[in-house]
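These are the residues of each chain, in order.
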Amino acid sequence: MREIVTVQVGGFANFIGSHFWNFQDEMLGLASDPCGDPVFRTRSLNMGVLYRTGETHQGTITYTPRLLSIDFQGSLGSVSSKGTLYGEGSSAPSEVVTWAGNVSTVASEPQKKNLFLQSLYQNEQDAPLMNGVNGDSTGSQNEIQDTDIVSSLDEEVQFWTDFSKVHYHPQSLYEVNGLWMDAQEFDNYGIGRDVFGENLRGEELCDRLRFFVEECDYVQGFQFIVDDSGGFSPMAADFLESVSDEYTNTPVLLYAVRGPSSVVNLSTRKQMVARDLHDAVSFSRLSAFCKMIVPVGLPFLSRSKASTFLNIKDDNPYHCSAVYAAALHSTSLPFRMEPLGPTADSSDVCGAVDINGIVQMLAAGQSRQNMVAILDVAMPGPSLAGRRDEQSLLAHLQPLTPEVAENVDDLQAVESMIVHGAIGSGGCNASVSEVRNAIHGAYECATTRPMFHHLSVARCPLPIPLPFPSIFGNLVGEHGELLGSSITGSTSRGSLDVHYIPMAARMRSSCAILPFLENRLGNLRKFGIERGSPGTELLRSWGFGKDEVEDIGETLSKMVGIVNPRSEISSDSD
């Protein structure tokens, strides 16, 4: 088996991760349901790539994500960092026996479980929860209960654990304590630069990662999801540096994610300069320790073309993270596909590729190292049997990577696409061969074509678990089909209305990423390198000397030059 170890660093990264693991848990449940849709009962997707099998002290077999999650102390809400499966004892301090004086205990009130987490607990205890009260459940009562749960989540989510339906291993959840600040203050590169090395945190994190790696047969790579908008970025960079030293030949695929809060409250020039410098330094450092970095997170997702069929609240991380998690789920499918046999057309999947294969594929077009890839998504994906006047699936793909140029002709572009759960003729689930023919036909008709494209196909759609937010518009049907007329009623539809959807996602190497790179290089030069730059003192306070800042600038300049050697900003103008 070629396993993947996932690492989530920072608040918004864990919001995305919570949705991501909910998708996996839902797929596992549907695959084991003899009465469920057979499209989910496939052996062609090996979930063991992402999961580990374990055993409690009582001999109970467990199946948990191969995951290390890092976040603030207190970010787990009502969930214990020890998990719920292994019966770990209380973390309360032992009785003090060397002190003869009076002892007083100050304890904060534990977070209360919301209705969704209460229902999970009651279901595991085989005591159904009906509108907050234990009792028997039949017929319409179940629907009422689910309606209440969905409604409460849309209004009350505070922590990423509030909507997580997954059990975690005790080694998975790491809380960073001792910072004495909240997330709003932990907002720049300098404030988090020493966090990894303090209080033996680095050693503990490396030990936890090693726990998951050493039980693997053969690790195909690490999947990092990093909230790079604040102080967790330098912590992640230091962690990645340790990972690259210890696991030299194991590729790292890094998603640098941004939540909606990263673009608010920048009312002064000083704040904007600090944000621009943070973005340049953060991207340069993170990209140095991974084989491929994929920036993810639009400033206003609701206004983007990616949200054409969605109703997103930009200020709600529970909403935005669901879209990004769906895209990451799609891009991860080829990593766990079983290799095809001779009967490719009758298979449930095709186009299996591992992390190293994706990296080599996308880097080959332009001989790029430390690749920067663009992530596109079609959510939901359109029917393959649409009208002649409708756009093809390729035209529905829209970037989730910010600052990407549109309508760029790049003859050296390389693309890797995954289409799963596509709807074919007659509204039925399309076969693998039907999808391949449709996509290859769309590429043949496209006005501009990449130098190379790779296609992966899976017949299973994206399942929509109960705690998924109500973000679908009223043109999205029960099985993700795009309707010709609006459904009457609410403009936002959730898991009770939409059970699964077809998806398409694409990672591409293209010069369309040039504005993203040029903006970071230009801001670093303007605010941190040029004589009289307003951010010189700020960078110094973050621990960066003049030579180190110039090295960061040189790194960004080379990245710009590789993507587009004719770019003026890549020339040495210092």
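The rules behind each value
- Sequence order sets the numbering: in each chain, residues are counted from 1 along the sequence as written.
- A pLDDT threshold of at least 70 governs which residues receive local features in this predicted model, and a stricter bar of 80 or more applies before side-chain atom pairs are shown or counted, although totals over entire chains, interfaces and linings include all residues.
- Neither water nor hydrogens contribute to the side-chain values; these are computed over all heavy atoms in the structure.
- Numbering of helices and strands runs from the N terminus; a helix is a DSSP stretch of H or I covering at least four residues, while a strand is a stretch of E covering at least two.
- When accessible area is computed with a 1.4 Å probe and restricted to protein chains, residues below 20% of their type maximum are described as buried, those above 50% as exposed, and intermediate ones as partly exposed.
- Method for areas: the Shrake-Rupley scheme with a 1.4 Å probe, in which residue coverage is limited to the protein chains shown.
- For helices, the fitted axis covers only the stretch in contact; all axes are lines through C-alpha atoms, and the angles between them, taken along N-to-C directions, range from 0 to 180 degrees.
- Between 65 and 115 degrees an angle is taken as roughly perpendicular, under 35 as roughly parallel, over 145 as roughly antiparallel, and anywhere else as oblique.
- With the far helix as reference, a near helix turned anticlockwise by less than a right angle produces a left-handed crossing, and one turned clockwise produces a right-handed crossing.
- In what follows, a contact means two residues having at least one pair of non-hydrogen atoms within 4.5 Å.
- Any residue outside Ala, Val, Leu, Ile, Met, Phe, Trp, Tyr, Cys, Pro, Asp, Glu, Lys and Arg is labelled polar, Gly included; the first ten of those are nonpolar and the last four are charged.
- Any pair of Phe, Tyr and Trp rings, taking the six-membered ring for Trp, is counted once the centres come within 6.5 Å. Such a pair is stacked with planes under 30 degrees apart, edge-to-face with planes over 60 apart, and tilted for the rest.
- Take a side-chain nitrogen of Lys or Arg and a carboxyl oxygen of Asp or Glu: if they are within 4 Å of each other, that pair is a salt bridge.
- The term nonpolar core refers to a set of buried residues drawn from Ala, Val, Leu, Ile, Met, Phe, Trp, Tyr and Cys, joined through side-chain atoms within 4.5 Å.
- Note that patches include only residues with greater than 30% relative accessible area and no salt bridge, and the join distances are 9 Å for like charges and 5 Å for nonpolar side chains (Val, Leu, Ile, Met, Phe, Trp, Tyr).
- Charge counting treats Lys and Arg as positive and Asp and Glu as negative, with His and both chain ends excluded.
- Note on charges: their place is set at NZ of Lys, CZ of Arg, CG of Asp or CD of Glu.
- Within 3.5 Å is the distance limit for a polar contact, defined as a pair of N or O atoms, with the added protein rule that one can donate a hydrogen and the other accept it, and that residues adjacent in sequence qualify only through two side-chain atoms.
- Only strands that DSSP links by at least two bridges are regarded as paired with each other.

A. Molecular detail of the overall build of the chain. Across its full length, the chain carries 13 helices and 19 strands. Considering the chain as a whole, with its 574 residues, one finds that 54% of them fall into the buried category. Accessible area for the chain stands at about 26100 Å²; split by element, carbon and sulfur atoms hold 47% of it.

B. Looking closely at the environment of Asp 547. Note that Asp 547 resides in helix 13 (residues 546-563). The exposure class assigned to Asp 547 is exposed, which follows from its relative accessible area of 58%. Sequence spacing of Asp 547 and Ile 529 is 18 residues, and the spatial spacing of their C-alpha atoms is 9.8 Å.

C. A look at the packing of helix 6 (residues 269-287) against helix 11 (residues 514-529). In the contact formed by helix 6 and helix 11, the axes pass within 9 Å of each other and the chain directions differ by 120°. One way to sum up the angle between helix 6 and helix 11 is to call them oblique. The crossing of helix 6 and helix 11 is left-handed. Together, Arg 269, Val 273, Asp 276, Leu 277, Asp 279, Ala 280 and Phe 283 of helix 6 and Phe 516, Leu 517, Arg 520, Asn 523, Leu 524, Phe 527 and Gly 528 of helix 11 make up the contact between the two elements. Split into classes, the residues belonging to the contact of helix 6 with helix 11 amount to eight nonpolar, two polar and four charged.

D. Expanded view of the packing of aromatic side chains. A full pass over the atoms with the stated rule returns 19 aromatic pairs. Where Phe 12 meets Tyr 324, the ring centres are 6.1 Å apart and the plane angle is 80°; that geometry is what we call edge-to-face. With a gap of 312 residues between them, Phe 12 in helix 1 (residues 11-31) and Tyr 324 in helix 7 (residues 317-332) connect regions that are remote in the sequence. In this structure Phe 12 comes out as buried when scored by relative accessible area, which is 6%. Judged by centre distance (5.7 Å) and plane angle (45°), the rings of Tyr 189 and Phe 544 are tilted.

E. Region of interest: unusual backbone geometry. Between Met 379 and the following residue, Pro 380, the backbone shows a cis peptide bond with an omega angle of -10°. Of note in this structure, Glu 403 is not a glycine but carries a positive phi near 60°. Its location among the elements puts Glu 403 in the loop between strand 14 (398-399) and strand 15 (414-420). Taking relative accessible area as the criterion, Glu 403 reaches 34% and is therefore assigned partly exposed. Even without glycine at this site, Asn 407 takes up a positive phi of about 55°. By the element assignment, Asn 407 lies in the loop between strand 14 and strand 15.

F. Expanded view of the pattern of salt bridges. Within this structure, the stated rule accounts for 21 salt bridges. For Lys 305, the salt bridge is made with Glu 406, and the minimal N-O distance between the two is 3.9 Å. Of this pair, Lys 305 sits in the loop between strand 10 (292-296) and helix 7 while Glu 406 sits in the loop between strand 14 and strand 15, and the two are 101 residues apart along the sequence. The exposure classification of Lys 305 matches that of Glu 406, with both residues exposed. When the shortest N-O distance is used, the salt bridge between Arg 506 and Asp 376 registers 2.9 Å. Of the two residues, Arg 506 is situated in strand 19 (residues 503-509) and Asp 376 in strand 13 (residues 374-378); the sequence distance between them amounts to 130 residues. A residue is classified by how much of its surface remains accessible, and Arg 506, at 10% relative accessible area, is buried. Residues joined by salt bridges that share partners form a network here, namely Asp 228, Arg 258, Arg 275 and Asp 279.

G. Inspection of the nonpolar core at higher detail. Counting 72 residues, the largest nonpolar core has Tyr 255, Met 292, Val 294, Tyr 324, Met 379, Leu 400 and Phe 472 as the members making the most contacts within it. Dropping the residues within four chain positions of it, Val 294 is found in contact with Leu 253, Leu 254, Tyr 255, Ala 256, Ala 373, Leu 375 and Met 507. Judged by nonpolar contacts, the second largest core, of 64 residues, contains Val 213, Val 219, Leu 521 and Ile 552.

H. Structural context of a negative patch on the surface. Residues Asp 547, Glu 550, Asp 551 and Glu 554 make up a contiguous surface patch of negative charge. Its location among the elements puts Glu 554 in helix 13. What makes Glu 554 partly exposed here is its relative accessible area of 40%.

I. Structural context of the side chain of Ser 119. If you trace the backbone, Ser 119 turns up in helix 2 (residues 115-124). With a relative accessible area of 4%, Ser 119 lands in the buried category. One polar contact links the side chain of Ser 119 to the main-chain carbonyl oxygen of Phe 116, over a distance of 2.5 Å.

J. Structural view of the sheet that holds strand 12 (residues 371-372). What the seven strands build is an open sheet, ordered 7-4-1-8-9-10-12; its pairing is parallel. Every interior strand has two partners, whereas the edge strands, strand 7 (173-176) and strand 12, have only one. In the sheet, strand 9 (residues 252-257) pairs with strand 10 via five bridges, with the strands oriented parallel. For Ala 256, the partnering residue across the bridge sits in strand 10 and is Pro 295. Strand contacts of helix 5 (residues 232-246): strand 1 (2-9), strand 4 (67-72), strand 7, strand 8 (218-227) and strand 9, with the helix running at about 165° to strand 8, the strand carrying the most contacts.

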